[in-house]
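# Close look at the chain arrangement
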Amino acid sequence: MESQLLIQALVNGIMLGMVYVLVALGLTLVFSIMEVINFAHGEFYMLGGYTAYYLIAQLGLNYFLTIAAAVVVVGFLGWMIEKLLFRPFRKDLLGAFIVSLGLVWVLQSAAMLAFGSLEKSVPSPFRGVLKVLGIYFSLERLIVTVTAIVLVAALYLFIQFSREGRAMRAVAQDSDAAALQGINVARISSLAFAVGAGLAATAGVLIAPLFFVSPFIGDLPIVKAFIIIILGGMGSIPGALLGGLILGLAEGVGSIFLSIPAVNLLGFVIVMAVLLVRPRGLLGHA
Amino acid sequence: MRDGLDWRRGRIVRIGSGLAVAGILIAFTSIPSTSEAADTLKIGVLGPLSGAAAPWGIALSRGAELRAEELNAAGGLKIAGKAYILKTIPYDHKATAAEAATTTNKLVFEDKVKFIVGNAVGATCDAAQAITEREKVLFTFVCWGTKNVAADKPYSFRELLSQWEVSPPLYAWIREKHPKIRRVALISPNDTSGWDTSTAVKDAAKELGMEVVADEYYERGAKDFYPLLTKILAKKPDLLELAGSTPGEGGLILKQAYELGYRGGKAWVAAFDPTRYIQIAGKEATEGLWTVGAPDLEGTYVSPGVKEFARKYRGKYGEPATMIAVANYAGMDVVTKAMQMAGSLDPDKVLQALVKGKFETVWGPVVIGGKARYGIDRQFLYPFVISEIRDGKTVDISSVAPKELKK
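What counts and how
- Residue positions are given per chain, counting from 1 as you read along its sequence in written order.
- A letter from A marks each chain and a number from 1 marks each ligand, given out in the order of writing.
- Since the coordinates come from a predicted model, pLDDT governs what is reported: local features require at least 70, and pairs of side-chain atoms require 80 or more to be given and counted, while whole-chain, interface and lining totals use all residues.
- Working definition: helices are DSSP H or I runs of at least four residues, strands are E runs of at least two. Numbering for both runs from the N terminus.
- Computation of the radius of gyration draws on C-alpha atoms alone. For the globule rule, the value is 2.2 Å times the number of residues to the power 0.38.
- A residue is called partly exposed when the number of other C-beta atoms within 10 Å of its own lies between 12 and 20, exposed at 12 or fewer, and buried at 20 or more, with C-beta atoms placed from the backbone.
- We call two residues in contact whenever the C-beta atoms placed from their backbones are within 7 Å.
- Residues are sorted three ways: Asp, Glu, Lys and Arg are charged, Ala, Val, Leu, Ile, Met, Phe, Trp, Tyr, Cys and Pro are nonpolar, and all the rest, Gly among them, are polar.
- Two strands pair under a simple rule: DSSP has to find at least two bridges between them.
- Lines fitted to C-alpha atoms define the axes, with helix axes restricted to the stretch in contact, and inter-axis angles between N-to-C directions lie between 0 and 180 degrees.
- Where each domain begins and ends follows an automated or database-derived domain assignment.
- Per-residue confidence from the prediction method is given by pLDDT, with values spanning 0 to 100.
- The nonpolar core criterion groups buried Ala, Val, Leu, Ile, Met, Phe, Trp, Tyr and Cys residues into a set whenever they are joined through C-beta atoms within 7 Å.
- Under this scheme an angle from 65 to 115 degrees is roughly perpendicular, one under 35 degrees roughly parallel, and one over 145 degrees roughly antiparallel; angles in between are oblique.
- Helix crossings are classified by the rotation of the near helix relative to the far one: an anticlockwise turn of less than a right angle makes the crossing left-handed, while a clockwise turn makes it right-handed.

A few words now on the overall build of chain A. Each helix and strand counted, chain A has eleven helices and two strands in total. In chain A, the succession of α and β elements from N to C terminus is α-α-α-α-β-β-α-α-α-α-α-α-α. The C-alpha atoms of chain A give 19 Å as radius of gyration, which agrees with the globular expectation for 286 residues (19 Å, within 12%). The dimensions of chain A, computed from C-alpha atoms along their principal axes, are 60 × 50 × 35 Å.

Time to look at the overall build of chain B. The helix and strand tally for chain B stands at 14 helices and 16 strands. Looking at chain B as a whole, 53% of its 407 residues are labelled buried. Residue pairs at least 24 apart in sequence account for 66% of intrachain contacts in chain B once pairs closer than 6 positions are excluded.

What follows concerns the interface of chain B and chain A. Contact with chain B, which involves 38 residues of that partner, is made by 36 residues of chain A. Those elements that place two or more of their residues in the side of chain B that touches chain A are helix H1 (2-29), helix H2 (54-73), strand E8 (211-218), helix H7 (226-233), helix H8 (247-259) and helix H9 (274-281) of chain B. Broken down by element, the residue count for the side of chain B that touches chain A peaks at ten residues, all from H1 of chain B. The residue makeup of the side of chain B that touches chain A, split by class, is 19 nonpolar, ten polar and nine charged.

A separate point is the sheet that holds strand E10 (residues 265-268) of chain B. Residues and elements named next belong to chain B. Taken together, the seven strands give an open sheet; going across it, the order is E8-E7-E9-E10-E11-E15-E16, and neighbouring strands pair in mixed fashion. Either end of the sheet is taken by a strand with one partner, and the two such strands are E8 and strand E16 (393-400). Shown here is a sheet whose adjacent strand axes are inclined to one another by a mean of 20 degrees, direction ignored. Here H7 sits on the sheet in contact with strand E7 (183-189) and E8, set at roughly 170 degrees to E8.

What follows is about the domain arrangement of chain B. All names here are of chain B. Looking at chain B, the domain boundaries give domain 1 (40-161 + 303-382) and domain 2 (163-292). For domain 1 versus domain 2, the distance between C-alpha centres works out to 28 Å. For the side of domain 1 that touches domain 2, the secondary-structure elements that each account for two or more residues are helix H4 (122-132) and helix H12 (323-342).

This part is about the confidence of the model for chain B. It should be kept in mind that the predicted coordinates are not to be read in detail where pLDDT is low. Residues and elements named next belong to chain B. Confidence in the prediction for chain B averages 87 pLDDT; 90% of positions are at 70 or higher. Within chain B, the lowest mean pLDDT, 51, falls on H1, and the highest, 98, falls on strand E5 (residues 138-141). Note that pLDDT drops below 50 for residues 1-5; the model gives that stretch zero contacts with residues more than four away or on any other chain. Confidence drops under a pLDDT of 50 for residues 27-38, and excluding neighbours within four residues, the segment shows eleven contacts in the predicted structure. Overall fold confidence (pTM) sits at 0.76, and the ipTM for the predicted complex is 0.75.

Our focus in this paragraph is the nonpolar core. Membership of the largest hydrophobic core comes to 217 residues, with the highest contact counts inside it found for Val19 of chain A together with Val326 of chain B. Here this core gets 16 residues from one element, more than from any other, and that element is helix H1 (residues 2-34) of chain A. Looking at which domains feed residues into this core, each of domain 1 (40-161 + 303-382) and domain 2 (163-292) of chain B gives three or more. Setting aside its immediate chain neighbours within four residues, Val19 of chain A contacts Val144, Ala148, Ala203, Leu206 and Ile207 of chain A.

Below, the discussion takes up the packing of helix H2 (residues 41-58) of chain A against helix H8 (residues 185-207) of chain A. All names here are of chain A. Contact pair H2 / H8: the axes reach a minimum separation of 6 Å and the direction vectors enclose 50 degrees. Taken together, the axes of H2 and H8 are oblique relative to one another. Regarding H2 and H8, the two cross each other, and that crossing is right-handed. Contacts from His41, Phe44, Tyr45, Met46, Leu47, Gly48, Gly49, Thr51 and Ala52 of H2 reach H8 at Gly196, Ala197, Ala200, Ala201, Thr202, Ala203, Gly204, Val205 and Ile207. Looking at the contact of H2 with H8 residue by residue, the class counts come to eleven nonpolar, seven polar and no charged.

Of note, Asn190 of chain B is situated in the loop between E7 and helix H6 (192-207). We classify Asn190 of chain B as partly exposed; it has 16 C-beta atoms within 10 Å. Taking the C-alpha atoms as reference points, Asn190 of chain B and Arg220 of chain B, 30 residues apart in sequence, are found 7.0 Å from one another. Not counting residues up to four positions away in its chain, the partners in contact with Asn190 of chain B are Ile260 and Pro261 of chain A together with Tyr217, Tyr218 and Glu219 of chain B.

Take a look at the structure:
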C-alpha cells in the first residue's frame, strides 16, 4: 500500500509540475529578453481558463483547437500589453514591477466584471479512470501531462532552431550586440511576450477541466512559477523544466509525510537552500 | 542632469498613469457612497468582495440589496409612522481579519451605521465583533465560527443554521438508514470555520458510536486534492465528510475522490449551492451525496418564497442564487421586521423584538434560539431538509424542524 501511495504521489507531482513549468517558461522567457518580472503573468493563465470555458463549455469546440485559439487570443493580448505597457519599462525592474502589479488588479477586476465572480466549470473532454497495478490514473490528467511535455519540447525546438528563436537567444545574451546585427529588438520583445502569454494560456486551458475557472485562479501558479524559475535559474529554459520537476516531485512526495501547510512551505525552503549554495539557481548563468 | 530629471519625471508619470487606470477599475468594483438623504436608513454589509472567497461576500451584498430594493419600491420601510429609504453600504474586507476591523470601523464611525446585516468567514466576524459589541451595533452574519454566537456577544446574531444545528440530525439519519457506515474521514479547510465544522461533525459521529479514521485540513483556495485524498483513502473510510468546504473546493474534492476510485458514502454538512458543485464534480462523483439544509434553490422542494427569490436573483445578476444570498435576504427581512415591531431604530429595542418574535420569511417561519448550545438565544432557527444527490439533482429525503419552532 505504501509503495502505491508513493507512486500515486509521484505521478501527481509530475503532472502539476509540468503545468507550472508552462507558466514558468513564459515568465523566464520575458525576463531573459526584457529584464521585466511580470507579476500579471498568472492572469494570462486565468484568461486561458476562460477561453476554455467559453469555447469548450459554451460552444462545444474541440479541446486541442481551443488550445490553439487560446494561444492566438491571449498571445495577441500579450503582444498588445507589451507594446502599450511594458515596452517603456524594458530593463527597468522597479517600474515594470509596479506596472505589472497594477495590471494584476486591472485584469482580475475586469475578469470579475466581464465573467462574473462565481467559479465556472469546464466539462472534461476525457472522462475516465485507468487502474494499473492497483493505482488509479485519471485519463484527463495523463493527457494534460503528455500535452504539457509536447509543448515544452516544441518551445525548446522553437527557441533552439527557428530564426525568431535564435534572435530571442541573441537578445537575451546581449541586446545591443543583437541590434547591431540587425535584429529588431522591439519586435522580438513583443514576440517573446506573446509566446509567454500563449504558454500561460495553454496551461490555463489544460487545467480548466481538471479544476474550475475563476478570476483569481492565476494567483497560485504565479507563485509556483516564481519558485520554479528562481530554483532553476532566472532566464534558463532547461532550468525552468528542472525546477518544475523538482518542485512537483517534492510537493507530491512531501504531501504523504507532511501536513498541507508544511508542503506549501516546502518549495520556499528548497529555494532558500539552493540560493545559499548556488545564488544564480541550478542552471542559471552568472 | 536635466535629461535625468526629465527621464525620472516621465517615468513617474508613466507609473502614475498605470496605477490610475488600475485604481479607477478597482473603484468601479465597489463604490461605497457616502451621500445621505434626510430619511435614509443606512445598513452596513461586510464580506469578501474580492479574492477567492468573493462569491460569499457578493452573495451577501446582493441578498441585502434585493430586500432593500423591494422595501424601497413599496415606499420605504415604515417605522412608527415614518418611512425610511434603505441604503446598503457594502465593504470589502478581502476575507482578512485586519481589513474586517478597518471596514467595520469605517461603517461604525464614518458611515455611522447602527445595523450591519451580513458577513462571512469566521475570523473576520471575530474582528468585526470586537467593534460592534463595544459600540452596540446590531450585527447579523453567516459565519460558522462556534464562538461567534456567545453570551458575551449580545448584539451578534447568526442568520444561517450552523454545523451545530445540522450535523446531529444528519448523522443520526445516516446511522439509522446505513448502519454499516462506521468509519468516517473528514476533510475541511484549515481555518476557524473549517475546524469548528469538523469538530461539530466529529462530536455528532462519535456520539453515535462511529469511528473518525482521518481528520485532514487544506488551505483555502487549494485546487489539487490528490495528495490529501490519497492519504485519506488509504485509511479505508466508509464515509467521506467534506465538512466546511466551499462549493468550489468540495466539488473538486468529490471529483478527485471519484477519480482516485472512492465509491463509498459521502456527506457534506456545509454543502450549499448544489448546482455549482454538481457542475464542477459531475453527476457520477456526486451520486449518493448526503447534504443538509441545502436544497436546490430552483428545484422542486424549496418553498415558493425561495424559488421566487432565486428567479429574481438570476434575472437581476445573471447567476444562480446561493444559500448565503437567501440567508442574508432573510436576515435583512427579519431585522427590518424587528425594527417595525420595536417601532424604533434603537439597536437595544430591535434586539429585544428579535429575540421575542417569530418571523415569516422566505425560509418559512424563523425564530431566534440556541441558548442550550451557546448560552444565549442568538441563532436563527428555521425548518431544513436532509437531501441526497441523485443523477445530478437534489432529492429531499427527510425534513427537520427545530424544536423551538414547535413551541
